[in-house]
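Examining the three-dimensional arrangement
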Amino acid sequence: MLKKHFIQIFIVAAGFSVLTILLIYFSSLRSFFFTGLIITIMISAATLTISWLLCRNRNPFRELMTGISELAKGNLDYQFPVNQSHETLELATNINRMTLNLKQKLNTIITSNHELDLKNRAMQCLIQVNQAIINIPDMSQLLTKILEILAEAVNCEHASLMLLEGRSLKAKVVYWKDRIIEIEEWITFPVGEGIAGKSLELNEPLLVKDVEKSDYFIPYQKLNLNSGLRNMICLPLCVDNQPIGVINLLNKKNGFFNSDLKLGMALAGEVAVAFKNKQLYELSITDGLTGVFIRRYFQVRLNEEVFHAKRYKTDLSMIMLDIDHFKSFNDTYGHQVGDAVLRHVAKTTAGVIRKEIDFVARYGGEEFAVVCPGTPYEGALKLAERIRKTIEDNPLNHEKKPLKVTCSLGVSHLIREMGVERFIEIADQALYKAKETGRNRVC
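A short tour of the structure in this document, coming up. (Residues numbered from 1 in each chain as written. Predicted model: local features only at pLDDT ≥ 70, side-chain atom pairs only at ≥ 80, totals over all residues. Heavy atoms only, no water.)

1. What about the environment of L396?
Just so we agree on the cut-off: Per the convention used, a helix needs a DSSP run of H or I reaching at least four residues, while a strand needs a run of E reaching at least two, with both numbered from the N terminus. Only protein chains enter the accessibility calculation, which uses a 1.4 Å probe. A residue is then buried if its area is under 20% of the maximum for its type, exposed if over 50%, and partly exposed in between. Note on contacts: a residue pair qualifies if any of its non-hydrogen atoms lie within 4.5 Å across the two residues.
Position of L396 relative to the elements: it lies in strand β10 (residues 396-398). Assessed through its relative accessible area of 13%, L396 is described here as buried. Sequence separation of L396 and V341 is 55 residues, and the distance between their C-alpha atoms is 7.1 Å. Not counting the four nearest positions on each side in its chain, L396 is found in contact with A340, V341, H344, K401, P402, L403 and V405.

Take a look at the structure:
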C-alpha cells in the first residue's frame, strides 16, 4: 500500500517537473530555461523527499491501527511496539499501559466472580446439609447424605467420614457410587498414619493429586481398592479447636483443583459444627442405654402426630410393649443382663418398624412405645404381632447360651374425639390385658 502511494506521488512530481520545463522552454521565459530547470528539479526533489517521509511515517500509524484492531478482538496480550517516532511512541506507551490496567481489572473481576461462585456453591451445600439434618433422624443415613452432598459439590466419585476414637481414626460412613461397602471392612488408622491420619495430625487439609505416589499413602488391603484410588482431598473436622474426624473426598475424574479444596474447607467447618450439634441433640432426646427416644421426646412427637392426623384425617396407631418377667432377669442374672435385654428388645423393635416413619421410645423401665403414623388399626395389629414374634424367635445370647425373651403388646388407634392422654391410656389398657391373659401376646 505504501509503495503504491509513493509511486503515485513520484509520477505526479515527475509529470509536474516535465510540464514546467516544457512551459518554460516554449514560453517567452526561454532565457531563464536553465534557471527554471534547476528550480523545477529542486521542487521535484523536495516533493519526492516529503512523499518519502510521509510514506515512511505511515508505518507506525499502520502498526497502531493493527494493534487497535487486535484489542477490538479482545486480545489484551498484544503489546504495541515502542521503537517509533516521538509522537507515536507516547501514544503506543499509553495504550500499552491502558491495556495492562484493563487486564489487571479484568483478572480481578474474574477472581471475584470465582470467589462469589464458590461462596454460592458452599451456601447451596450448607442449605442441603441443614435440610438433611432436619429431615433425617437416623445418624448413619444423615452422614451418608452429607457425604453425597459434598461429593456432588466437588464432582468426585466417592467420599468417606472417619471419626476419632481415642488415638485412632475409624471409618463410620462410606459413600461409594458403584458398590456397597460394609463399614466393618475398613481398617483403623492411628493418628498420623495414612493420608487421613496425617491430615488430622497436622490439622491441615491435604490435596493429593496422585494417591499412590504420596509418602503418607497406606493401601487398603482389606478393600482391594488400591488401583481404584487416584486422587483425594482430606478435610480435618474440628469443633472448638478439638479434632473429631476427617472427611475424605476421593477420585475426581480430571483431578482436584484448589477451588475444590477451598470449597471443601468452607464446608468442613460447618459440617463439623452441624455434626456435633446433631450428636448433642440426639444425646438429649435419646435414651443412653437403649438408643431409642426418651419419653419426653415421645410426648412431643406424639402431640405433633395427633394434631397432624386429626387435621388431615389420616390414620394414627400406637403400640405399647412390655418385657415379660423382666424383674426375673435382673434377679437371676444381674442388672448387666437386664440392661442387655433392654437393648436387645429396643434394637429388635427398631429393626422391624418403618424407618423415618414410625418411631420407638422408652416409655418406662421395661416398657416401650411405638408410634405408627398413617397406619390403620389392622395394620398396627399386624406390626405388633411381627414385633412380638421377632423378639421371641431371636433369643439373647448369654454366656454362649440362648436367653429367651418375650413381650406383651397393646394396640390403640386414634379416633377424632380422642385426646392424646386417652390415646395412650387405651394402649396401656390393651397392654395390661395382654399381660393378664397370659403374656407374650397382642391385644
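This is not the end of the story, as more comes after the structure.
2. Observations concerning the packing of helix α8 (residues 326-333) against helix α9 (residues 335-352)
Selection criterion: Axis definition: a line fitted to C-alpha atoms, limited for helices to the stretch in contact. Angles are taken between N-to-C directions and run from 0 to 180 degrees. Amino acid classes used here: Ala, Val, Leu, Ile, Met, Phe, Trp, Tyr, Cys and Pro are nonpolar; Asp, Glu, Lys and Arg are charged; the rest, including Gly, are polar.
The contact between α8 and α9 brings their axes to 6 Å, and the two run at 145 degrees. Residues F326, F329, N330 and Y333 of α8 touch α9, and the partners they reach there are H335, V337, G338, V341 and L342. In terms of residue class, the contact of α8 with α9 is built from six nonpolar, three polar and no charged.

3. Considering the sheet that holds strand β1 (residues 156-165)
In plain terms, the rule: By definition, two strands form a pair when at least two bridges between them are found by DSSP.
Read from one edge to the other, the open sheet built from six strands follows the order β3-β2-β1-β6-β5-β4, with strand pairing classed as antiparallel. This sheet does not close on itself; its edge strands, each paired only once, are β3 (188-190) and β4 (206-208). Along the sheet, successive strands turn relative to each other by an average axial angle of 25 degrees, direction set aside. Pairing geometry for β1 and strand β6 (residues 242-252), over seven bridges, is antiparallel. Following the sheet pairing, M162 is matched in β6 by V246. Together, β1, β2 (168-176) and β6 form the strand contacts of helix α4 (residues 139-154), whose direction differs from that of β2 by roughly 70 degrees. Its contacts with the sheet place helix α5 (residues 194-202) against β1, β2, β3, β4, β5 (232-239) and β6, and it is angled at close to 40 degrees to β5.

4. Observations concerning empty space enclosed by the protein
Take a probe with the size of a water molecule and roll it over the atoms, and the empty space left behind shows itself. For clarity, the threshold we go by: A pocket here means an open set of points on a 1 Å grid, computed over the protein atoms alone, that has protein on both sides within 12 Å along at least five of seven lines. A cavity is instead a set of points where a 1.4 Å probe fits but cannot get out; residues with an atom within 4 Å of a point line either one. Grid points are joined across faces, edges and corners, and a volume is the space filled by probe spheres set on the points.
Taken as a whole and judged by the stated rule, the model has two cavities of 30 Å³ or more. By volume, the second largest cavity amounts to about 50 Å³. Lining the second largest cavity, in full, are L143, I146, L147, L161, L237, I247, V271 and F275. Of the residues assigned to the lining of the second largest cavity, the class counts are eight nonpolar, no polar and no charged.

5. Quick word on the sheet that holds strand β8 (residues 359-362)
Sheets are built from strands paired through backbone hydrogen bonds, the pairs being either parallel or antiparallel. With respect to topology, four strands assemble into an open sheet ordered β8-β9-β7-β12, the strand pairing being antiparallel. Whereas interior strands pair on both sides, the edge strands pair on one side only; in this sheet they are β8 and β12 (407-413). On average, each strand axis in the sheet is tilted by 20 degrees relative to the strand beside it, whichever way the strands run.

6. Quick notes on the packing of aromatic side chains
What counts is decided by this rule: When two rings of Phe, Tyr or Trp (its six-membered ring) have centres within 6.5 Å they constitute a pair, described as stacked for plane angles under 30 degrees, edge-to-face for angles over 60, and tilted for the intermediate range. Two thresholds decide whether a charge sits over a ring: the Lys NZ or Arg CZ must be within 6 Å of the ring centre and within 35 degrees of the ring normal.
Under the criterion given, the structure shown has three aromatic pairs. Geometrically, the ring pair formed by F293 and Y297 is tilted, given 4.4 Å between the ring centres and 40 degrees between the ring planes. A residue is classified by how much of its surface remains accessible, and Y297, at 15% relative accessible area, is buried. When the centroid spacing of 5.5 Å and the interplanar angle of 85 degrees are considered together, the rings of F298 and Y363 count as edge-to-face. Of this pair, F298 sits in helix α7 (residues 295-312) while Y363 sits in the loop between β8 and β9 (367-373); the two residues are 65 residues apart in sequence, bridging distant segments of the chain. Judged by relative accessible area, F298 falls into the buried class, the value being 0%. Among the aromatic residues, those joined into a cluster by ring pairs are F293, Y297 and F359. The ring of Y363 carries the charged tip of R295 above its face, separated from the ring centre by 3.9 Å. Here the basic side chain of R301 rests over the ring of F359, its NZ or CZ set 4.1 Å away from the ring centre.

7. Considerations on unusual backbone geometry
In this structure, N251 is a non-glycine residue whose phi angle is positive, near 60 degrees. Along the polypeptide, N251 turns up in strand β6. For N251, a relative accessible area of 1% gives the class buried.

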